[in-house]
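# A look at the structure
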Amino acid sequence: MTTIQFPKDLKWGAATAAYQIEGAANKGGRRPSIWDTFSHTPGNVKNGDNGDEACDSYHRYEEDVQILKELGVDVYRFSISWPRVMKDDEGTLNPEGIAYYRTLIQSLITEGIEPIITLYHWDLPQTLQDIGGWENRETVNAFQTYAEAMFREFGDSVKKWITINEPWCASFLSNYIGVHAPGKQDLQAGIDVAHHLLLAHGRAVESFRGMVPDGEIGYAPNADWLEPYSNSQEDIDACKRDMQWKIEWFMDPVFKGEYPALLQDIFAKHNAYVKVEEGDLETISQPIDFMGINYYSGSIARHKKDNGLFDVEAIWDGYDKTDIGWPVYPEGFYNLLTHIHQLYGDVPIYITENGACYNHEVENGMVNDQERIDYLKQHLTALHRAIKSGVPIKGYILWSLMDNFEWAEGYSKRFGIVHVNYRTFERTKKESYYWYQKVTHNNWFEL
Ligand code: PNW
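Residues numbered from 1 in each chain as written. Predicted model: local features only at pLDDT ≥ 70, side-chain atom pairs only at ≥ 80, totals over all residues. Heavy atoms only, no water.

### Quick look at the UniProt feature "active site" (unreviewed entry) in the protein chain
The positions that UniProt labels "active site" (unreviewed entry) are, in the present scheme, Glu166 and Glu353. Despite a sequence span of 188 residues, these residues sit close together in the fold, their greatest C-alpha distance being 10.1 Å. For the largest pocket, the lining residues drawn from the annotated set are Glu166 and Glu353. Positionally, Glu166 belongs in the loop between β5 (160-165) and α8 (167-177). Its relative accessible area of 3% is what places Glu353 among the buried residues. (UniProt positions renumbered as here; feature names shortened; annotations may be inferred. 1 Å grid on protein atoms, 1.4 Å probe; cavity = no way out; pocket = protein on both sides within 12 Å on 5 of 7 lines; lining within 4 Å. Helix = DSSP H or I, 4+ residues; strand = E, 2+ residues; numbered from the N terminus. Buried < 20%, exposed > 50% of the residue type's maximum accessible area, 1.4 Å probe, protein only.)

Have a look at this one:
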């Protein structure tokens, strides 16, 4: 047996997002978001699922806070639903929405759990999409107005904030690949949205400094890791291009104040360009307090001519896969963290999401999800190695506290350490919950 022991001050947490858990889509003055529109349009989400009810956390947050308390986590990462708290796009608050989050925040603090708020986890107000959504620079202004309202309302009690969750997903996956809301397939749209999301991030940071001077703010880009199939320069370059799209495209502007030239050249071949206005990169590259990293998977990849934007093909064979089909690739977690550390230096890092999809059901009141425990053990071991090699990791936030609306996959894919019955909304703690409870308590686990 090997004991994996973590540093004393490492923060343990669990994460969720508003549209994925709250439900009450038409209650409490909430307005529709692009995910309501998208999921209610047939063909977009598996089984025609939508977030109308989700896990009903809007009504069951007290139970959820108790589940978190018993789990023993230091932090809970959740997102604010923008269309629930803002009555319009000009800055009018919806008091019922504010009251909901105020109560949630208070219950967490009362139980000794530190809230970490994500401002944007993909539920853009539909009214903003109607004027072009994130393709329109106006949306950046609306975001800043919303962010300032949240800092004003909650900045006294909440000290850790995340501006944008997974800007790659919210831009390219949603507007170029088209599998997430608003479901466009247009490279230029993807680039414009990516730039405006980064600008929105920078503007929020700017406002934050004046409004919550004792707080910390960051963002949460996602990346997976690609390992070259062979030592050939072709395969190495192919992996590099694809990873730059997830990593450098979203991190160079923030940490270096520039977009990667290699990708700009590739985009230009498709007549697509990043449109940077004066001052944008200064705004985007303002110092932040930490970087969030969301990591799930990785694979081997090789050069393949005319395959997608980057002439790259991922090879997913030969790995164990989770129930969403993603390879289990803990080495990629270590490689990604050390790579980012090399690129950007000693920026404090929170793992803002890591976890696995396994669809175990309740049997005799229990959920035996040993596969998830194995996944977590392997990834926490990789994290431990990264810490030992000097990557400044401050916290680990598991995705997800509970099964929830898994975007385009609807309710067919379960990431929770707590099982949710979507008819009764009953919560059942899985074996992985009890395993993680020991980790948060001991700060170590046995391999
Ligand atoms: C992330 N992909 O989503 C999100 O931040 C979570 O809300 C989500 O539940 C979690 O990871 C699990 O999927 C992603 O297809 C969804 O590449 C899809 C992809 C990546 C991330």
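### Some remarks on the sheet that holds strand β10 (residues 312-315)
Within the open sheet, the 3 strands sit side by side as β7-β9-β10. Their pairing is mixed. Unpaired on one side and paired on the other, β7 (225-228) and β10 mark the two borders of the sheet. Between one strand axis and the next, the sheet turns by 45° as a mean value, whatever way the strands run. Where β7 lies against strand β9 (residues 298-303), 4 bridges are found, and the strand directions are parallel. By the bridge assignment for β9, Pro228 is matched with Ala301. (Pairing = 2+ DSSP bridges. Axes fitted to C-alpha atoms, helices over the stretch in contact; angles between N-to-C directions.)

### As for the site of the ligand
Residues in contact with the ligand amount to 15 residues; listed here are only the nearest, Gln20, His121, Glu353, Glu406 and Trp407. Within the side chain of Glu353, an N or O atom sits 2.8 Å from an oxygen atom of the ligand. Compared with its free state, where it exposes 450 Å², the ligand has 87% of that area covered by protein. Split by residue class, the shell around the ligand holds 8 nonpolar, 4 polar and 3 charged. (Near = heavy atom within 4 Å. Polar contact = N/O pair within 3.5 Å; in protein donor to acceptor, adjacent residues only side chain to side chain. Areas by Shrake-Rupley, 256 points an atom, 1.4 Å probe, with all protein chains shown as cover. Nonpolar A, V, L, I, M, F, W, Y, C, P; charged D, E, K, R; others polar.)

### Considerations on the nonpolar core
The biggest cluster of nonpolar side chains holds 156 residues, and the ones touching the most others in it are Tyr120, Phe143, Met150 and Phe267. Other than its neighbours up to four places away in sequence, Met150 contacts Ile80, Val85, Met86, Leu93, Ile98, Leu119, Gly155 and Trp161. (Core = buried A, V, L, I, M, F, W, Y, C linked by side-chain atoms within 4.5 Å. Contact = heavy atoms within 4.5 Å.)

### Here's the deal with the pattern of salt bridges
This structure, assessed with the given rule, holds 27 salt bridges. Of the charged contacts, one joins Arg60 and Asp56 as a salt bridge, the two residues approaching to 2.8 Å between their closest N and O atoms. Looking at Arg60, the relative accessible area reads 26%, which means it is partly exposed. Measuring nitrogen to oxygen at the nearest pair gives 2.8 Å for the salt bridge that ties Asp403 to Lys430. Of this pair, Asp403 sits in the loop between β12 (393-399) and β13 (418-420) while Lys430 is found in the loop between β14 (427-429) and α16 (431-442), placing the two residues 27 residues apart along the sequence. As far as burial versus exposure is concerned, Asp403 and Lys430 are alike and both buried. A single salt-bridge network, built from bridges that share partners, covers Glu361, Asp403, Arg414 and Lys430. (Salt bridge = Lys/Arg side-chain N within 4 Å of Asp/Glu carboxyl O.)

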